[in-house]
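# Report on the structure
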Protein chains: 2
Amino acid sequence: MFEEAESDPRLSKESVKAQETRLRTALLKAQYDRLQRADRSLLIVVAGIDGAGKGATINLLNEWMDPRHIRTLAFGQPTPEEAVRPPMWRYWNELPAKGRTGIVFGSWYGPLLREARRKHPDEDIIEARAEAIRHFEAMLAADRVQIVKLWFHLSRQAQRERAERLLANRDTAWQVAPVDLTVHKRFDRLRQAGRQVIERTHAGHAPWIVVPSADDELRTLRTAETVLHALRHPPAAPRIARPPMRRVPDRLGRLDHGARLDKEEYESSLLAWQARVARQVRRKKFAERSLVLVFEGQDAAGKGGTIRRVTSALDVRHFDITQVSAPVPYELARPYLWRFWRRVPEPGRIALFDRSWYGRVLVERVEKLAAPADWRRAYGEINDFEAQLVAHGAIVLKFWLAVTRDEQLARFRERERSPFKNFKITAEDWRNRRRWDDYAQAANEMLARTDTAHAPWHALSSNDKRHARVEAVRRIAQALEAALD
Amino acid sequence: MFEEAESDPRLSKESVKAQETRLRTALLKAQYDRLQRADRSLLIVVAGIDGAGKGATINLLNEWMDPRHIRTLAFGQPTPEEAVRPPMWRYWNELPAKGRTGIVFGSWYGPLLREARRKHPDEDIIEARAEAIRHFEAMLAADRVQIVKLWFHLSRQAQRERAERLLANRDTAWQVAPVDLTVHKRFDRLRQAGRQVIERTHAGHAPWIVVPSADDELRTLRTAETVLHALRHPPAAPRIARPPMRRVPDRLGRLDHGARLDKEEYESSLLAWQARVARQVRRKKFAERSLVLVFEGQDAAGKGGTIRRVTSALDVRHFDITQVSAPVPYELARPYLWRFWRRVPEPGRIALFDRSWYGRVLVERVEKLAAPADWRRAYGEINDFEAQLVAHGAIVLKFWLAVTRDEQLARFRERERSPFKNFKITAEDWRNRRRWDDYAQAANEMLARTDTAHAPWHALSSNDKRHARVEAVRRIAQALEAALD
């Protein structure tokens, strides 16, 4: 795959000049027509041999395309806020909006390349990292993020000569990084690492293209042509299937709604379990963990009241409540999970979600706001997202607060009668209620597909609010105690 | 001011119950009618004596108002990303959008209160911090952020009894923080500090209200009533005047447009100055500083090309380019400088702005997108913003690239002819050009009012692009050398 690049092909300045007008005009047109109008975004991943002149890509693309819609995303050492979150957090955070282009340096390939370049690379680590990248890129591609990956390459000899030429002039010597000077000594290993990474992560929806880089003119031309080709011929989105499931168990239908607590019992139990939660989150050990609490359930099931009973046990400086409603335009312009990745807590903190990323497989599914292909693949994406949180030390608990159909009706009516609760009841709630069975089916499938060992669902009857509140606080206390002891 | 609160007034549970319906209904209505419809946001600052039950405000307001539009903003120890930015950065970052309410714990009063509580407080520090707060709150108030500040207070005796009562029950003992137990010993000093802070920062547009807190019922009622009153009777925005200026000097008119560089001289000078920039930003000392570069100028003055000559000298992992265009809805929903505060670089990084916060006093002034009162106060706000950056270690340079009217016309025509440059020329550019004198006047006033010693303007002739590019890179190199040597 490196044969052409290592033959160090060259081009005259004149032949680039001759093509420049055509290429710039076409690139601009493609940027508008193929990206902005088509509601896609583009990520250009820049990688390759050190000292091949990768950096010139930025100025090239910013000069030849409309720079108002391009951002360079360069990832060096993780910043303090990045270092305390799951490794993929920084990349999610910076995803460009639809119509925009990101030029990515120091991308998610960093850790994989570092391992592959070692003298004795660990095959398991390499495969695990490649697998994570394949998942990530497939998810992005399915969510209308086009990915094209450039590998800048040249021969050992040309790389060395380029570095020495720059070094010889005191005004260009700074362009040579120390690592550039050692490339020729490790060239075979670097080439082998590159080959391996490309082979394991090349995909129709996220292809690798090798750019010969010994010659500045040819590198320029090839880079521009590659980006143009990518814009003009966007690949088909990958098809991500959900695993088959013979029959979805009716977990909601099997819930016992008989549990009741009287006021006195409620108050003493609640206070006792809150105290246990309070003790756990104030432990030193918790400073290295985090807690993610998801609250879902039918309308009027009592999510807000339950959340307040949890936060009563927390220090106000340590938690955030995210009220999730319909995504706004700048959220819609990114892959679905983007807005939730932004809310991933740092260590020592607690994130409560009043509704959550599960909206994809609940309201968006039932109300047909997401295409079937999109919500169907969401189960796997969500499990993967939560697994990344847990792998980084988060304790993830998910609550489904369930009421019966009759109880919901009673609460709707009570809300309508109350002068200060009627804001909580809208035509939408009544509409949702008419789709009770559809929501139940969606909830059951969600429970079946995303109740994982690392991020379990707790389905609780909330016909008696006191029961549900104490149960939720109890399970949080017990999960914390199990995780921290 | 604490007389009533220290008399520890009490209220029966029944009398709160009796008022609850009225208050909740009124609060909700006010939240919708007075905040959302009126395009304002509300910050409720929570402060007072430790162990006065301040924390209960969160659940109270989230239960009595519509919690979807309320966020708790609690600031503890600065997070790593906050610690490396100017102190006000964290507060700017979290400002709620219009229509929304933020409940602020551990607010910008923290440092002031800490100083005021010391045994021997430093009067100069206190006044400097109070002054910074007055500026900040006046700017927010002028930008449609309503501020109400609650000081929770009770007598020494009542504070002690409250802590002891909670401590006596093992299920509530966790609610008592160690600091709560020492309050009674330092009560006079804490009261004196509170009094001082309130006196120095009370303003019509950002009033302090003392909430008696010995009794949970009365505290609840008073808090709700205070917020309701604030929503119903929003104060007038403060009038912030710009200092008088007899005559604005015509700095643009006095620029020498004769400077020219031939190609050879250009290329060698540029390379040499780029190398000096490159050396400076790679020094260890720069890792504790940051660099903020602003590029403004007439349309077609060559901002983009100049920026690319600067970035050629930088490591891609160390800089960010922000292309500033018209604010989008979620930016418009916050005070003007919010979107720029978010782009403040951390130490060791370089932020380049292709157009900037100066849009307020340029395009927004000329095109009447901002009210006169708003752009007039912007000069002071901008100087203050930049002063905060510089105080925190940033090196701030601002460039005005100037072309003559004829040269602009020639460039517009050239852009129209070029198949890959005509995207850069729009009807808006021609419209702006017809307002040449208005823009010149706005630019001159901007230069006069914001050319500060800490963040100087460099007005450069860009009739010859080569000259402007070399000059810009040279001045950056020299500023870096002066700052780091």
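As the structure is a prediction and not an experimental result, all values here were calculated from the model.

### Topic: the domain arrangement of chain A
Residue and element names in this part refer to chain A.
- Partitioning chain A into structural domains gives domain 1 (3-232) and domain 2 (252-484).
- On a C-alpha basis, the centroid separation for the pair domain 1 and domain 2 is 41 Å.
- At the junction of the two partners, domain 1 supplies 19 residues and domain 2 supplies 21 residues.
- For the pair domain 1 and domain 2, the two sides together bury roughly 1,800 Å², of which 58% comes from carbon and sulfur.
- Three residues stand out in domain 1 for area buried against domain 2, namely Pro86, Trp92 and Asp143, and they jointly supply 32% of the buried area on that side.
- Our enumeration of links across domain 1 and domain 2 arrives at three salt bridges.
- For Asp143, the salt bridge identified is with Arg377, shortest N-O distance 3.1 Å.

### Some remarks on the interface of chain A and chain B
- With 51 residues of chain A in contact, the opposing surface of chain B contributes 51 residues.
- On the chain A side of the contact with chain B, Trp174, Phe420 and Phe423 of chain A bury the most area, a combined 17% of that side's loss.
- Applying the counting rule to chain A against chain B returns four salt bridges.
- Remark: the boundary between chain A and chain B carries ten residue pairs in polar contact (both at pLDDT 80 or more).
- Sorting the residues of the side of chain A that touches chain B by element identifies helix H2 (13-36), helix H3 (56-64), strand E2 (70-74), helix H4 (80-83), helix H11 (263-281), helix H12 (303-311) and strand E7 (319-323) of chain A as the ones contributing at least two each.
- Per-element tally for the side of chain A that touches chain B: the top contributor is H11 of chain A, with seven residues.
- Residue composition of the side of chain A that touches chain B, grouped by class: 21 nonpolar, 14 polar and 16 charged.

### What to know about the sheet that holds strand E2 (residues 70-74) of chain B
Residues and elements named next belong to chain B.
- With parallel pairing, the five strands of this open sheet are ordered in space as E2-E3-E1-E4-E5. The outermost strands of the open sheet, each flanked by one partner alone, are E2 and strand E5 (208-212). For this sheet, the mean inter-axis angle between neighbouring strands, taken without regard to orientation, is 25°.
- The sheet contact formed by strand E4 (residues 145-153) and E5 spans five bridges and is parallel. Note on E5: the bridge partner recorded for Leu150 is Ile209.
- Docked against the sheet, helix H3 (residues 56-64) engages strand E1 (41-48), E2, strand E3 (101-105) and E4, running at close to 170° with respect to E2.
- Contacting E4 and E5, helix H9 (residues 187-201) crosses the sheet at an angle of about 160° to E4.

### Considerations on helix H7 (residues 123-142) of chain A
Residue and element names in this part refer to chain A.
- Across its 20 residues, H7 extends 28 Å between first and last C-alpha, which sits within 8% of the 28 Å expected from 1.5 Å per residue.
- Next to the buried residues of H7 lie strand E1 (41-48), helix H5 (89-93), helix H6 (110-116), strand E4 (145-153), helix H9 (187-201) and helix H16 (372-391).
- N-cap assignment for H7: the residue whose side-chain oxygen lies 2.8 Å from the backbone N of Asp124 is Asp122.
- Of the residues trailing H7, Arg144 is marked for its positive phi of about 70°.

So, how was this worked out
Residues numbered from 1 in each chain as written. Chains lettered and ligands numbered in written order. Predicted model: local features only at pLDDT ≥ 70, side-chain atom pairs only at ≥ 80, totals over all residues. Heavy atoms only, no water. Domains from an automatic or database assignment. Contact = heavy atoms within 4.5 Å. Buried area = accessible area lost by both parts, 1.4 Å probe. Salt bridge = Lys/Arg side-chain N within 4 Å of Asp/Glu carboxyl O. Polar contact = N/O pair within 3.5 Å; in protein donor to acceptor, adjacent residues only side chain to side chain. Helix = DSSP H or I, 4+ residues; strand = E, 2+ residues; numbered from the N terminus. Nonpolar A, V, L, I, M, F, W, Y, C, P; charged D, E, K, R; others polar. Pairing = 2+ DSSP bridges. Axes fitted to C-alpha atoms, helices over the stretch in contact; angles between N-to-C directions. Expected span 1.5 Å × (residues − 1).

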